[in-house]
Amino acid sequence: MPKPLLGRPVAKALSHDVRKTVETWKSRGVQPKLVTLLANDDHAASVYANQKKRIAERLGIQCDVIELPQQSETEAIVREIQALNDDPSVHGIMIEMPLAPSVDVQRVVGAIHALKDVDGLSPCHSFAKPTPEAALYPATPLACIRLLKHYGYELKGADVTLVGCGQTVGMPLLHLLIAEGATVAACHEHTRDVRAHLRDSEIAIVAVGKGGLLGPDMVHEDLTVVDVGISQGENGDVQGDLAPEAAAKTKAYTPTPGGVGAVTTVQIFANLMHAMELQEAAGMV
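Residues numbered from 1 in each chain as written. Predicted model: local features only at pLDDT ≥ 70, side-chain atom pairs only at ≥ 80, totals over all residues. Heavy atoms only, no water.

**Q** Is there a simple way to think about helix α2 (residues 43-59) in this case?
**A** Since the α-helix advances by 3.6 residues per turn, residues separated by three or four positions end up pointing in the same direction. A rise of 1.5 Å per residue sets the reference length of α2, with its 17 residues, at 24 Å; its end C-alpha atoms lie 25 Å apart and thus fit the reference within 8%. Against α1 (7-27), β2 (33-38), β3 (62-67), β4 (92-95) and α10 (260-281) lie the buried residues of α2. Directly beyond the C-terminal end of α2, a positive phi value near 85° is found at Gly60. (Helix = DSSP H or I, 4+ residues; strand = E, 2+ residues; numbered from the N terminus. Expected span 1.5 Å × (residues − 1). Contact = heavy atoms within 4.5 Å.)

Structure below.
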């Protein structure tokens, strides 16, 4: 029987570590604070922002959700970000996506002070990615690595297939896996035979967002699959990139929901703690 790699125990352990760090900052008279900007009418984004706020409160972190007018243009959002950059009481800034089609997303993201960019999207972090401790990475890739380590996987020397090379998950994961010493086959839309790479791998991380992309014929009983992809099925259910019938033929897998996503939300606050360390070293805290 394959083993489900549940995210909740990982999130619980990480929450404990974050809470201890928060208490240390508070003992020094510093209240950790994250600000999330909402500039759209996307219901899911609003739900997620408020979910983060509830988790932050449990961790002892102040989390403010600022709702900007839904039709806010690039310059208005950038002005708000610049004000937060200049506010020493704010240690982390996030933008909930998606933004309106007319908004220049790169300009908005680039406006966030690099050391307050807990999403790790600032262009300058790309240059630091060979040395993860020097950069802030997106939370989902970090959650994948954390989950595997929690369940005892040794990445050094491991053969890993990465399916999906997007800018927010796949590419940062590629850097992290290499930094961990893994040998990585990075598969994308131009890869001729993804199945061949999976056949020779012990770990697969799939981050495409196409429900059921990995079918039973693409996995094997010695393969562990970390499923990052999220999409909506015809009946409205949340589904992952790993088909349920394929999961049954693996060594272990992360369920959707209940897998990586549970860790990702808490990882955002671990990123905030890392950001505060970097800010302290830069004389900002």
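**Q** When you look at the UniProt feature "domain: Tetrahydrofolate dehydrogenase/cyclohydrolase NAD(P)-binding" (unreviewed entry) in the chain in this model, what are you seeing that I'm missing?
**A** Under the UniProt annotation, "domain: Tetrahydrofolate dehydrogenase/cyclohydrolase NAD(P)-binding" (unreviewed entry) lies at residues 138-278. Along residues 138-278 one finds 36% helix and 17% strand; the C-alpha atoms at either end are 16 Å apart. (UniProt positions renumbered as here; feature names shortened; annotations may be inferred.)

**Q** I tried to follow the pattern of salt bridges on my own but got confused; where do I start?
**A** A pair can form between side chains of opposite charge whenever their charged atoms are brought close. This structure, assessed with the given rule, holds six salt bridges. Where Glu280 meets Arg28, a salt bridge forms, and the shortest distance between an N and an O atom there is 2.3 Å. Remark: Arg28 occurs in the loop between α1 and β2 and Glu280 occurs in helix α10; sequence separation between them is 252 residues. Taking relative accessible area as the criterion, Glu280 reaches 33% and is therefore assigned partly exposed. A salt bridge links Arg195 to Asp217, with the shortest nitrogen-to-oxygen separation between them at 2.7 Å. Taken together, the residues span a long stretch of sequence, with Arg195 in helix α8 (residues 194-199) and Asp217 in the loop between β7 (203-206) and β8 (224-227) at a distance of 22 residues. (Salt bridge = Lys/Arg side-chain N within 4 Å of Asp/Glu carboxyl O. Buried < 20%, exposed > 50% of the residue type's maximum accessible area, 1.4 Å probe, protein only.)

**Q** What's the story with the side chain of Asp241 in this structure? I'm lost.
**A** Looking at the secondary structure, you find Asp241 in the loop between β10 (238-239) and α9 (244-247). One buried charged residue, Asp241, forms no salt bridge at all, with the nearest opposite charge on Lys210 at 9.2 Å. A polar contact is formed between the side chain of Asp241 and the backbone nitrogen of Val208, at a distance of 2.7 Å. Not counting the four nearest positions on each side in its chain, Asp241 is found in contact with Val206, Ala207, Val208, Gly209, Lys210, Gly211, Gly212, Leu213, Leu214, Asp227 and Gly229. (Lys, Arg positive; Asp, Glu negative; His and termini not counted. Polar contact = N/O pair within 3.5 Å; in protein donor to acceptor, adjacent residues only side chain to side chain.)

**Q** How do you make sense of the environment of Leu142 when you look at a structure like this?
**A** The residue Leu142 is located in helix α6 (residues 139-150) in this model. Placed 80 residues apart in sequence, Leu142 and Asp222 show a C-alpha to C-alpha distance of 24 Å. Residue contacts for Leu142: discarding those within four places in its chain leaves Tyr137, Leu176, Gln267 and Asn271.

**Q** Which parts of the structure should I look at to understand the environment of Pro141?
**A** Following the sequence through the fold, Pro141 ends up in helix α6. Residue classification places Pro141 among the buried residues on the basis of a relative accessible area of 0%. Separated by 27 residues in sequence, Pro141 and Thr168 have C-alpha atoms that sit 8.1 Å apart. Among residues more than four places away in sequence, those in contact with Pro141 are Thr168, Val169, Pro172, Leu173 and Leu176.

**Q** What should I look at first to understand unusual backbone geometry in this one?
**A** Note: most residues except glycine have negative phi, and most peptide bonds are trans. The residue after Met97, namely Pro98, is reached through a cis peptide bond having omega 5°. By the element assignment, Pro98 lies in the loop between β4 and α4 (105-111). In this structure, Pro257 follows Thr256 across a cis peptide bond, with omega equal to -5°. Within the element layout of this structure, Pro257 appears in the loop between β11 (252-253) and α10.

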